[in-house]
Structure formats: C-alpha cells, structure tokens
Amino acid sequence: RRSSDLIKNILNFILVHYKDDDTIDNKILNEMHEAIIELEVAEAMFNSVNDPKLIEAAIYREEAAKKKVDYILSVAKEQYSNIRKEAEAKEEMEI
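Since we're looking at a predicted model, the values are computed, not measured. (Residues numbered from 1 in each chain as written. Predicted model: local features only at pLDDT ≥ 70, side-chain atom pairs only at ≥ 80, totals over all residues. Heavy atoms only, no water.)

## Examining the packing of helix 2 (residues 26-48) against helix 3 (residues 52-94)
Here is step 1: Close contact between helix 2 and helix 3 brings their axes to 9 Å; oriented N to C, the two are set at 165°. When the axes of helix 2 and helix 3 are compared, the pair comes out roughly antiparallel. In this structure, helix 2 meets helix 3 at a crossing whose hand is left-handed.
Here is step 2: Partitioning the contact of helix 2 with helix 3 into residue classes produces 19 nonpolar, one polar and seven charged. (Axes fitted to C-alpha atoms, helices over the stretch in contact; angles between N-to-C directions. Helix = DSSP H or I, 4+ residues; strand = E, 2+ residues; numbered from the N terminus. Parallel < 35°, antiparallel > 145°, perpendicular 65-115°, else oblique. Left-handed = near helix turned anticlockwise from the far one by under 90°. Nonpolar A, V, L, I, M, F, W, Y, C, P; charged D, E, K, R; others polar.)

## Quick notes on the pattern of salt bridges
Here is step 1: On inspection of all chains with the given rule, the structure shows five salt bridges.
Here is step 2: Where E43 meets K8, a salt bridge forms, and the shortest distance between an N and an O atom there is 3.0 Å. Taken as a pair, E43 in helix 2 and K8 in helix 1 (residues 2-18) lie far apart in primary sequence, 35 residues in all. Residue E43 shares its accessibility class with K8, and that shared class is buried.
Here is step 3: Notably, a salt bridge pairs K68 with E31, separated by 3.5 Å at the nearest N-O pair. (Salt bridge = Lys/Arg side-chain N within 4 Å of Asp/Glu carboxyl O. Buried < 20%, exposed > 50% of the residue type's maximum accessible area, 1.4 Å probe, protein only.)

## Let's talk about a negative patch on the surface
Here is step 1: Where like charges cluster on the molecular surface, the negative patch consists of E88, E91, E92 and E94.
Here is step 2: With respect to the secondary-structure elements, E94 resides in helix 3.
Here is step 3: For E94, a relative accessible area of 69% corresponds to the exposed category. (Patch = residues over 30% accessible without salt bridge, like charges linked within 9 Å, V, L, I, M, F, W, Y side chains within 5 Å. Areas by Shrake-Rupley, 256 points an atom, 1.4 Å probe, with all protein chains shown as cover. Lys, Arg positive; Asp, Glu negative; His and termini not counted. Charge placed at Lys NZ, Arg CZ, Asp CG, Glu CD.)

## Here we look at the nonpolar core
Here is step 1: Judged by nonpolar contacts, the single largest core of 17 residues is most densely connected at L11, I14, I24, I28, L29, M32 and V69.
Here is step 2: Of all elements in the fold, only helix 1, helix 2 and helix 3 reach the threshold of two or more residues within this core.
Here is step 3: With six residues, the single largest contributor to this core is helix 2.
Here is step 4: Sequence-distant contacts of L11, defined by excluding residues within four places in its chain, comprise M32, A35, I36, V69 and L73. (Core = buried A, V, L, I, M, F, W, Y, C linked by side-chain atoms within 4.5 Å. Contact = heavy atoms within 4.5 Å.)

Set out below in structure tokens:
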C-alpha cells in the first residue's frame, strides 16, 4: 500500500507543477488524475472486503492502475522531452 501512496504523491506533484504549463498535454494530466482515483478505489476495495476472491480482485485492480500510471508517465516524459528538445533547438538557432 505504501507504493500506491508514493505513486499518488508523485502524480499529485506533477499535476500541481504542470497544470498551468504547456510541456505536458492536459489530456495526460487528466489521465494522471483518473489514475489517482483508480488507485484510491482499488485501495478502498482492498480495505473493505473480506472475501479472498474480492481481495484478489482488488489487488489486480491496483496492479492494473499501476500499469496505467507507468504508461501515462512514459507518455508525459516523452512529451516533456520533445518540447525541451524543440526549445533547445530554437535557442541554438537564435544564437
């Protein structure tokens, strides 16, 4: 569960830091917000069920949300990297 909290904290930091910035697309930021919700739902499910099959389902749900986070972060990183490269290229052309 601690890893989910860390992931949620990282995503929240990114959301706050880049919400008014054009380096990461708003669609990706919205996906990050949805991923936080999915992690919270999986955690709540895990904490509220007693049936072993439902516990297993909650674990799978959390793992799926983490995989989604991995994908979203890779897309965000690629977008950020591309925009930084474009900015550097513009700076070099101005010099």
